[in-house]
Amino acid sequence: MKTKTPAIPYVVWMAVFVVVPLLLIVVYAFTNYDGKFTLENFTNLDVFLQVCGNSLYLAAVATAICLLIAYPFAYFLAQTGPTTRKVAMLFIMLPMWMNFLLRTYAWMSILENHGFLNQLLALVGIPPLHIINTDAAVILGMVYNFLPFMILPIFSVIEKLDRRYIEAAQDLGAGKLQVFRRVIFPLSVPGVISGIMMVFIPSISTFAISKLLGGGMSFLLGDLIEMQFLGSAYNPHLGSAISLMMLLLVIIAMLIMNRFGDGEEGAVMM
Amino acid sequence: MQNKNPVIAKVLNVLVFLFLYLPIAVLIVFSFNDSKSRTVWSGFSLHWYQELFQDEEILSAFSTTLTVSVLAALIATVLGTAAAIGFHSMKRRPRHLLLTINNIPMTNADIITGVSLMLLFVFTGNLLGFSLGFGTLLVAHITFNIPYVVLAVLPKLRQLNPNLGEAAMDLGATPWQAFWKVLMPELRPGILNGLLIAFTLSIDDFVISYFTAGSEVATLAMQIYAMTRKRISPEVNALSTILFITVLALLLIVNFREMHQTKQAEKRNKALQKDGVKGGAK
């Protein structure tokens, strides 16, 4: 059954719908409305740099929080019995069946000035918190939406970890902490890296979350790009230039990840 | 290593699930609210469920979402499985290159995938005389689905005994028969897994649809996004609640059946072992 022919349709498909569109972004980024070559789209990047800084900051904080929650969660879950593990994984995936915009919208009801959280705080006698339309709300939205993408890869790496390594370390006299620090954690790094990618990239590029929970107060890279293509500031050439810069960020991140993963299939574990 | 977790671990894990399900609980509870408010409870009612089944816009967006997800998942599964089989028999270098390209839509930010496809569709649309619509939406969904199918099927191919196909053909099977009767059953779990992932991703997608569907067609997610500018109708809560409960029920049924089957198998094994011991003692 050695035959390469079945791959032909998909190779053509990839060329037309993956490679050509990315090349089009490059072409648009370096041309103007008349189709002439220009670097103009890259000279007005003041706004870009400002937005980029803000996006990177929020995405980095959200990714760090996700990692802090997901790692212990995945670690403890991996120690439970097979049935618990399976059911828990199902319940991690299940929220995906409820549209993410809708779930984010529900957070609005919770975080609003007269929302559930403040109603609850009022009952206990704590003064209301102002969370909605702040950076904190946007970060919360990111953590909420992308946490499963951090949990899944870390969990699948720890779950498949060869128990004999741990036993060997214990036999050689390592304490609990040492086993974790010198054996378990280093072996789980590929899962951590893949989780960081799967949270960080959607976080820097989101535009719906910032609109709903940030109320236009925090403006992210995704918002900036969306504005150029479907929004008020219609300019696909500038939009392509910004997309190209973001693509570079993604490529840098991918290269870093490839150094850690085993290359071919390190990327996604679902 | 089972169940030796400290209490703090259990507390943490429960908190994570509470965090994940809190907004979902809010959505479900308020789908039964009597008034339109999303923070004030004014009594139980099935009002929004009745309205839902008369709302043409939401129902048509929902049917668009289902149609595009089913079609995209099926087409992506066929193309992706074929591609995985082809990739598997390639030499290392070309396979590595193709798998790197295969990784692009998965690793890339959704918004860039969406925007780049939009440029392609608008550009070729102007040349060939078509505009954004259901067709472009479907192509976009297939494009971001295939990579996941490829990655779900490839590991199964690696586990496969390479001599299996040849053995079948030695015994007189045609290549086609060898494929369907010998390879397929081995690959099935990977293919089904790929299909499920593809379908789930399509249902949940908003960003790529938003850029590739144009203004004539709307998926449910796009409809919801349009509504967030003013206020989301509780009808959408009602629809999501129905969907959520359906999926939950399906998952539970499938899992209980699986668990039941494994238990039965274990019992049978134990019984067999006992018999074996007795037989040996005689």
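You'll find the structure just up there.
Along each chain, residue indices are assigned from 1 in the same order as the chain's sequence is written. Whichever chain is written first is A, and whichever ligand is written first is 1; the rest continue in order. pLDDT decides what is reported in this predicted model: residues at 70 or higher carry local features, side-chain atom pairs at 80 or more are listed and counted, and totals for whole chains, interfaces and linings draw on all residues regardless. To obtain the side-chain values, all non-hydrogen atoms of the structure were included, while hydrogens and water were left out.

What about the overall build of chain A?
In step 1: Every helix listed is a DSSP run of H or I at least four residues long, and every strand listed is a run of E at least two residues long, numbered separately from the N terminus. Summing up its helical and strand segments, chain A has twelve helices and zero strands in all.
In step 2: Counting from the amino terminus, chain A carries its helices and strands in the arrangement α-α-α-α-α-α-α-α-α-α-α-α.
In step 3: Principal-axis analysis of the C-alpha atoms gives chain A an extent of 70 × 70 × 30 Å.
In step 4: In this scheme, a residue with accessible area under 20% of its type's maximum is buried, one over 50% is exposed, and one in between is partly exposed, where area comes from a 1.4 Å probe on protein chains only. Within chain A, buried positions represent 51% of all 270 residues.

Section: the pattern of salt bridges
All names here are of chain A.
In step 1: Counted as salt bridges are all cases of a side-chain nitrogen of Lys or Arg within 4 Å of a carboxyl oxygen of Asp or Glu. Taken as a whole and assessed by the stated rule, the structure comprises three salt bridges over all chains.
In step 2: Measuring nitrogen to oxygen at the nearest pair gives 3.4 Å for the salt bridge that ties Glu159 to Arg85. With Glu159 in helix α7 (residues 135-160) and Arg85 in helix α4 (residues 82-93), this residue pair connects regions lying 74 residues apart in the sequence.
In step 3: Between Lys211 and Glu226 there is a salt bridge whose closest N-O contact spans 3.0 Å. Taken together, the residues Lys211 in helix α10 (residues 208-214) and Glu226 in helix α11 (residues 221-229) connect sequence positions 15 residues apart.

Digging into unusual backbone geometry
In step 1: With a phi close to 65°, Asn133 of chain A is a non-glycine residue in the positive phi region.
In step 2: Mapped onto the elements, Asn133 of chain A comes out in the loop between α6 (116-124) and α7.

Considerations on the packing of aromatic side chains
In step 1: For Phe, Tyr and Trp, rings pair up if their centres lie within 6.5 Å, where Trp contributes its six-membered ring, and each pair is then called stacked (planes under 30 degrees apart), edge-to-face (over 60) or tilted (otherwise). In the structure shown here, the tally under the stated rule is 32 aromatic pairs over all chains.
In step 2: Pairing Tyr71 of chain A with Phe185 of chain A gives two aromatic rings, centres 5.6 Å apart and planes at 50°, and the pair type is tilted. Highlighted residues: Tyr71 of chain A in helix α3 (residues 46-78) and Phe185 of chain A in helix α9 (residues 176-205), separated in sequence by 114 residues.
In step 3: Judged by relative accessible area, Tyr71 of chain A falls into the buried class, the value being 8%.
In step 4: In this structure an aromatic cluster arises from ring pairing among Phe100 and Phe207 of chain A together with Phe206, Tyr210, Phe211 and Tyr225 of chain B.

Observations regarding the nonpolar core
In step 1: What makes a nonpolar core is a set of buried Ala, Val, Leu, Ile, Met, Phe, Trp, Tyr and Cys residues whose side-chain atoms join them at distances within 4.5 Å. Of all hydrophobic cores here, the largest spans 169 residues; its most connected members are Leu101 of chain A together with Phe87, Ile111, Phe206 and Phe211 of chain B.
In step 2: Top contributing element to this core by residue count: α7 of chain A, with 15 residues.
In step 3: Where each domain starts and ends comes from a domain assignment, either automatic or drawn from a database. When residues are assigned to domains, this core turns out to be shared by domain 1 (1-54) and domain 2 (57-233) of chain B, each giving three or more.
In step 4: Sequence-distant contacts of Leu101 of chain A, that is, excluding residues within four places in its chain, are made with Ala208 and Leu212 of chain A together with Phe206, Ala221, Ile224 and Tyr225 of chain B. The contact criterion used is simple: two residues touch if any of their non-hydrogen atoms lie within 4.5 Å.

These results come straight from atomic positions and should not be treated as a statement about function.
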